[in-house]
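Take a look at the letters that make up each chain.
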Amino acid sequence: MGLLENFSSGLFIIQSVIFLILLFVLGKFAWKPILTALNEREVSIQDAINQAKLAKEEVANLKADNERIIREAKTERDAILKEARELKDKIVGEAKDLAKSEGDKMIEQAKQSINAEKNAAMADIKNQIGSLSVEIAETILKQKLDNADAHNALVEKIINKSNLN
């Protein structure tokens, strides 16, 4: 109750007028800059939030693009590897075929060479046998035809054979 006893209406009015003047001065000079600063701060925060959202979306898009690019690269890599395997198999197959063909040619040439050498050897043997036979026949005839009677008998025998045939 001590507060009500010391109450002075003049003091109350002066304090009220000072308070209203203070509110007016603050409203005129301080509130506008403070509110402007707050609005600017709010706008900058909202811009930062929007930019963060855009950056997040951009990161998500980049991540999706990177994943797509990686998938495409893997697909392309697989295709290149498949093509390389097919090319390797083709080259190996062609090399095998060529080697088989060359081997067959070499075997055929060897067979022909062996046959030619065999025929040449047979002809040489025949010639040697023929020469040897002629030498043997010569030697035998010389021994048998040393006398004239044997010579005449052989000639008659050959003539008789000729007439019969």
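So, how was this worked out
- Residues numbered from 1 in each chain as written.
- Predicted model: local features only at pLDDT ≥ 70, side-chain atom pairs only at ≥ 80, totals over all residues.
- Heavy atoms only, no water.
- Helix = DSSP H or I, 4+ residues; strand = E, 2+ residues; numbered from the N terminus.
- Buried < 20%, exposed > 50% of the residue type's maximum accessible area, 1.4 Å probe, protein only.
- Areas by Shrake-Rupley, 256 points an atom, 1.4 Å probe, with all protein chains shown as cover.
- Salt bridge = Lys/Arg side-chain N within 4 Å of Asp/Glu carboxyl O.
- Patch = residues over 30% accessible without salt bridge, like charges linked within 9 Å, V, L, I, M, F, W, Y side chains within 5 Å.
- pLDDT = per-residue confidence, 0-100.

### Here's the deal with the overall build of the protein
Of regular secondary structure, the protein possesses three helices and zero strands. Sequence-ordered secondary structure for the protein, helices as α and strands as β, is α-α-α. Each principal axis of the C-alpha atoms in the protein carries an extent, and together these give about 200 × 30 × 30 Å. Relative to its full complement of 165 residues, the protein shows a buried share of 0%. Carbon and sulfur atoms form 63% of the exposed surface of the protein, whose accessible area is close to 15,200 Å².

### Some details on the pattern of salt bridges
Tallying each qualifying case throughout the model produces four salt bridges. Between R68 and E72 there is a salt bridge; the shortest N-O distance is 3.1 Å. Of the two residues, R68 and E72 both sit in helix α2 (residues 9–144), four residues apart, roughly one turn of that helix. Given a relative accessible area of 43%, E72 falls into the partly exposed group. D89 serves as the salt-bridge partner of K88, at 3.7 Å between the closest nitrogen and oxygen.

### So, a nonpolar patch on the surface
Together, F7, F12, I13, V17, I21, F24, V25 and F29 give the surface a local cluster of nonpolar side chains, amounting to about 840 Å² of exposed area. Tracing the sequence through the fold places I13 in helix α2.

### Describing the confidence of the model for the protein
The predicted structure's coordinates, where accompanied by low pLDDT, should not be read in detail. Scored by pLDDT, the protein has a mean of 87; 93% of the residues are at 70 or more. The secondary structure element of the protein with the lowest average pLDDT is helix α1 (residues 2–5), at 58, and the one with the highest is α2, at 91.

### Description of the environment of E117
Residue placement: E117 occurs in helix α2. As for E117 and V92, which are separated by 25 residues in sequence, their C-alpha atoms are 36 Å apart.

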